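Architecture and fold: a report
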Amino acid sequence: MAEFLSSITTCVPFVVNPFMRVAYLDCFSGISGDMFLGALVDAGVPEQLLEATVSALNIGARLEVSRVIRSGIGAVKVDVYSHGEKDLPREVYWEQRTAVASHAHSHDHAHNHAPSSDAAGPHPHEHHPDHAHGRGLAEIRGIIRDADISPSAKQTALRIFEALAAAEARIHSSEIEKVHFHEVGAVDAMVDITCAAVGVEALGVQEIVSSPLNVGGGTVQCAHGTFPVPAPATVELLQGAPVYSSGIEAELVTPTGAALLKTLVTRFSSFPAMKIERTGYGAGTRDFPGHANVVRLTLGELHGGIEAGVVHETITILDANLDDLNPQVFGYVTDRLLEEGALDAFGMPVQMKKGRPGMLLTVLCRREDADKLTHLIFRETTTLGVRRRDEQRNALARRWATVSTPWGDVRMKVASLNGTVTNYAPEYEDCRRIAAEKHVPLKDVMQAALQAYLATSR
């Protein structure tokens, strides 16, 4: 695999240059793992690279890549086969299972036999905690870590898979290590996720931005019953993301697609100001009349100058004056605001009317989160009013890199300007957790993370 990667480096048209290169995902028909892979291939990522990645996993899977038409749009369709069995969308699987079960029931009834309760076996996408069969997260981690792919792609794939498993654990009130993926579903997810991590690395972009997500509508059949779209795991993964439904009665955003977005996308916005280089379309399985069931991936370069290395976005500022709030509550409120999606929350001492000392609470947030956070401020503080305004913010492009320390993995927040790293820092919460669990000084953990990052970035 390593030799193959080195041999195709000059073939991949996406090389990091001094300008800010971005990828924009148009999710007007949602997103799934196979749709994302199709868009990567159509945008220029070599099909052979993804096939080599699947081989490196050594799990009995293969890819089938074809060109299809979806409502008049040409797109690339990527199908995953596990031991000869093709993965199916959840609704297609359940339609087939219902048909097979109905046939088996009719056949058994005619012969006075009891109907079969599992005519088609478990759905390949169902994930169950405490399941005796299938692959657990520890086994999946081992497979990905043993694969002959780059260390950074491994770390990205592990983060995506852990996000998916954490969502399943939360909705089932279980522990992440107890989540098991049915055999075919685990294989399909490993292929989608690992190929996505390798493919994104090949793009050589500094940021992936996404449109709001069309999640679809109607209901979806799961192993535990019928649920409204989006499915429970998808809802869990999309917390904080802007979503809508165009009225299509189908599951458009799958749990794997949501996990990819949660981990790879840095922000959601309208189409950025950019010089377009290339566009790719990845096809879903179904062909909806009058609606192209594709995800579009657009690659390009942000406009030159300082804009090439800076993200321009509109954020909302919330201000509240507090002069009669218990100081012990203030810290709790800022923590809650950050937990609920605030970009930042802080306080400054102010002198209020009649000479009273007070605090000015300031919250930076996305516009779609402003109402929710305003209600939280009213509920948790003594203020009688919250001021709101929108402001433009220029922010350095940021990404996550994971490094290994003697006590565990730590995420590093890395900021860059025009493709050059300008700032990097270990994630405090990761370091704090490790320090508490391993009983080592926090400063030692942070220093080890910094040294590990510098060693790998040379």
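Quick summary incoming for the structure in this document. (Residues numbered from 1 in each chain as written. Predicted model: local features only at pLDDT ≥ 70, side-chain atom pairs only at ≥ 80, totals over all residues. Heavy atoms only, no water.)

**Thoughts on the overall build of the protein**
Broken down by element type, the protein carries 13 helices and 21 strands. Relative to all contacts within the protein whose residues are 6 or more apart in sequence, the contacts with residues 24 or more apart total 72%. Surface summary for the protein: the accessible area is close to 21,300 Å², and the carbon and sulfur share equals 52%. (Helix = DSSP H or I, 4+ residues; strand = E, 2+ residues; numbered from the N terminus. Contact = heavy atoms within 4.5 Å. Areas by Shrake-Rupley, 256 points an atom, 1.4 Å probe, with all protein chains shown as cover.)

**Comments concerning the packing of helix α10 (residues 327-339) against helix α11 (residues 370-380)**
At a closest axis distance of 11 Å, the pairing of α10 and α11 adopts a crossing angle of 160 degrees. Classified by the angle between their axes, α10 and α11 sit roughly antiparallel to one another. At the point where α10 passes α11, the crossing takes the right-handed sense. Taking contact as the criterion, the partners of Val-329, Tyr-332, Val-333, Arg-336 and Leu-337 in α10 are, on α11, Leu-373, Leu-376, Ile-377, Arg-379 and Glu-380. (Axes fitted to C-alpha atoms, helices over the stretch in contact; angles between N-to-C directions. Parallel < 35°, antiparallel > 145°, perpendicular 65-115°, else oblique. Left-handed = near helix turned anticlockwise from the far one by under 90°.)

**Quick notes on the pattern of salt bridges**
This model, assessed by the stated rule, comprises 20 salt bridges. A salt bridge links Asp-34 to Lys-77; the nearest nitrogen and oxygen atoms lie 3.1 Å apart. Here Lys-77 lies in strand β3 (residues 73-82) and Asp-34 lies in helix α2 (residues 33-42), a separation of 43 residues in the sequence. Across this residue pair, the class does not change: Asp-34 and Lys-77 are buried. The partner of Arg-388 in a salt bridge is Asp-371, and the shortest N-O contact between them spans 2.7 Å. Of this pair, Arg-388 sits in strand β19 (residues 387-405) while Asp-371 is found in helix α11, placing the two residues 17 residues apart along the sequence. (Salt bridge = Lys/Arg side-chain N within 4 Å of Asp/Glu carboxyl O. Buried < 20%, exposed > 50% of the residue type's maximum accessible area, 1.4 Å probe, protein only.)

**Some remarks on the side chain of Thr-316**
Mapped onto the secondary structure, Thr-316 falls in strand β16 (residues 310-322). Accessibility expressed as a relative area gives 1% for Thr-316, which makes it buried. Polar side-chain contacts of Thr-316 include one of 2.7 Å to the side chain of Asp-390. Residues within four places of Thr-316 in sequence aside, it is in contact with Val-363, Leu-364, Cys-365, Arg-366, Arg-367, Ala-370, Arg-388, Arg-389 and Asp-390. (Polar contact = N/O pair within 3.5 Å; in protein donor to acceptor, adjacent residues only side chain to side chain.)

**Considerations on the packing of aromatic side chains**
Applying the stated criterion across every chain, the model contains two aromatic pairs. Relative to Phe-271, the ring of Tyr-24 lies with its centre 4.8 Å away and its plane at 55 degrees, an arrangement referred to as tilted. Within this pair, whereas Tyr-24 is found in strand β1 (residues 21-26), its partner Phe-271 is found in the loop between β13 (267-268) and β14 (274-283), the two being separated by 247 residues in sequence. By relative accessible area, which is 2% here, Tyr-24 ends up buried. An angle of 40 degrees between the planes, with centres 4.9 Å apart, marks the rings of Tyr-424 and Tyr-453 as tilted. Residue Tyr-424 is located in strand β21 (residues 420-426), and its partner Tyr-453 is located in helix α13 (residues 442-457); the two are separated by 29 residues in the primary sequence. Relative accessible area serves as the criterion here: at 6%, Tyr-453 is assigned to the buried category. Against the face of Tyr-81 rests Arg-62, its NZ or CZ located 4.2 Å from the ring centre. Arg-411 extends its terminal NZ or CZ atom over the ring of Trp-400, reaching a point 4.9 Å from the ring centre. (Phe/Tyr/Trp six-rings, centres within 6.5 Å; stacked < 30°, edge-to-face > 60°. Lys NZ or Arg CZ within 6 Å of the ring centre and 35° of its normal.)

**Let's talk about the packing of helix α12 (residues 428-438) against α13**
Two numbers describe how α12 lies on α13: the axes approach to 9 Å, and their chain directions differ by 130 degrees. As summarised for this structure, α12 and α13 are arranged oblique, according to the angle between their axes. Of the two elements, α12 crosses α13, and the hand of that crossing is right-handed. Here Tyr-428, Cys-431, Arg-432, Ile-434 and Ala-435 of α12 lie close against α13, whose contacting residues are Leu-442, Val-445 and Met-446. Taken together, the residues of the contact of α12 with α13 break down into seven nonpolar, no polar and one charged. (Nonpolar A, V, L, I, M, F, W, Y, C, P; charged D, E, K, R; others polar.)

**Remarks on the environment of Val-78**
You can see Val-78 is positioned in strand β3. In this structure the C-alpha to C-alpha distance between Val-78 and Glu-64, which are 14 residues apart in sequence, comes to 5.8 Å. With sequence-adjacent residues up to four places away left out, Val-78 is seen in contact with Asp-34, Leu-37, Gly-38, Leu-63, Glu-64 and Val-65.

**Concerning the environment of Arg-411**
Along the chain, Arg-411 turns up in strand β20 (residues 408-417). For Arg-411, a relative accessible area of 30% corresponds to the partly exposed category. For the pair Arg-411 and Glu-429, spaced 18 residues apart in sequence, the C-alpha separation works out to 9.3 Å. Setting aside residues up to four positions removed in sequence, Arg-411 forms contacts with Trp-400, Ala-401, Thr-402, Ala-425, Pro-426, Glu-427 and Asp-430. Here the side chain of Arg-411 touches Asp-430 through a polar contact of 2.9 Å, side chain to side chain.

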